[in-house]
Amino acid sequence: HHTSPVATAALGRALAACSMMGNALKDNGASVTMQIKGDGPLGTILTVSDSEGNVRGYVQNPAVDLALREDGKLDVGTAVGHSGTLTVIKDLNMREPYVGTVDLLGGEIAEDVAAYYVESEQVPSACGLGVLIDLLPGAGEDVITKVEGGIYAAPSVTNLLKENSDPAVLLKTVLSDFDMEILSVDPVEYRCYCSRERTERALLSLGSKELEKIVDEQLSLIHISEPTRLLS
């Protein structure tokens, strides 16, 4: 996507969060879309995940670049914007999709995603730089305190991944006070479902008159006096 460093960080966090949201869906044909619209220069960030956690997405203005923060970190919050909205759309193969929207807390994405879960789904959650850790329903205050303590005490996710790219190491670091058991490992990838056949079906669904109108408009832009009809 030819993204700048700060745009890469913002899009990467959004993709990671959306992937985990998708992986939590029950229906194999379900999908989740996360849209972040802040007042920062990056514009809209849009990500989509299927129920296996495979994701795709884009950032509206990928070339935006900002100076580092005083602490030397990428200024994702300013790039995204300190005000705006985060919207999650879950297509669960029902008549109407589930839509939840919350105000951005600061644009760093991690805390914004956690706020979405608390406000829109009433699920107490903690999210660190795109790594979402759900606190299990019914967890006592002692468990929550230990998990939060592990998150605050852990080094940054970036530094941990530099030392060891195995995400299990990150979990073990955060949950060091617990006997952790990994129930499953699900590989995910950046995946696009576009194809020539799918595009053809979309074009055919518009009908011949609409297609002719589109062709005429495009041809008029390049000053062709006798446009060729696409369909008879």
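Look a little higher up for the structure.
These remarks concern the structure in this document. (Residues numbered from 1 in each chain as written. Predicted model: local features only at pLDDT ≥ 70, side-chain atom pairs only at ≥ 80, totals over all residues. Heavy atoms only, no water.)

Some remarks on unusual backbone geometry
Positive phi, normally seen in glycine, also occurs at Ile109, with a value near 80°. Within the secondary structure, Ile109 is located in the loop between strand S5 (98–103) and helix H3 (110–120). According to the relative accessible area criterion, Ile109 is buried, its value standing at 0%. Although it is not a glycine, Gln122 adopts a positive phi angle of roughly 55°. Mapping Gln122 onto the fold places it in the loop between H3 and strand S6 (125–128). (Helix = DSSP H or I, 4+ residues; strand = E, 2+ residues; numbered from the N terminus. Buried < 20%, exposed > 50% of the residue type's maximum accessible area, 1.4 Å probe, protein only.)

A look at the pattern of salt bridges
What the rule picks out here adds up to 5 salt bridges. In this structure, Glu108 and Arg69 form a salt bridge, with 3.2 Å as the shortest nitrogen-oxygen distance. One end of the pair, Glu108, is in the loop between S5 and H3; the other, Arg69, is in the loop between strand S3 (55–59) and helix H2 (76–80), with 39 residues separating them in the sequence. What makes Glu108 buried here is its relative accessible area of 14%. Linking Arg196 and Glu200 is a salt bridge whose minimum nitrogen-to-oxygen distance equals 3.4 Å. Of this pair, Arg196 and Glu200 both sit in helix H7 (residues 196–206), 4 residues apart, which is roughly one turn of that helix. According to the relative accessible area criterion, Arg196 is exposed, its value standing at 64%. Judged by its relative accessible area of 39%, Glu200 is partly exposed. Several salt bridges share partner residues, and in doing so they unite Arg13, Arg69, Asp71 and Glu108 into one network. (Salt bridge = Lys/Arg side-chain N within 4 Å of Asp/Glu carboxyl O.)

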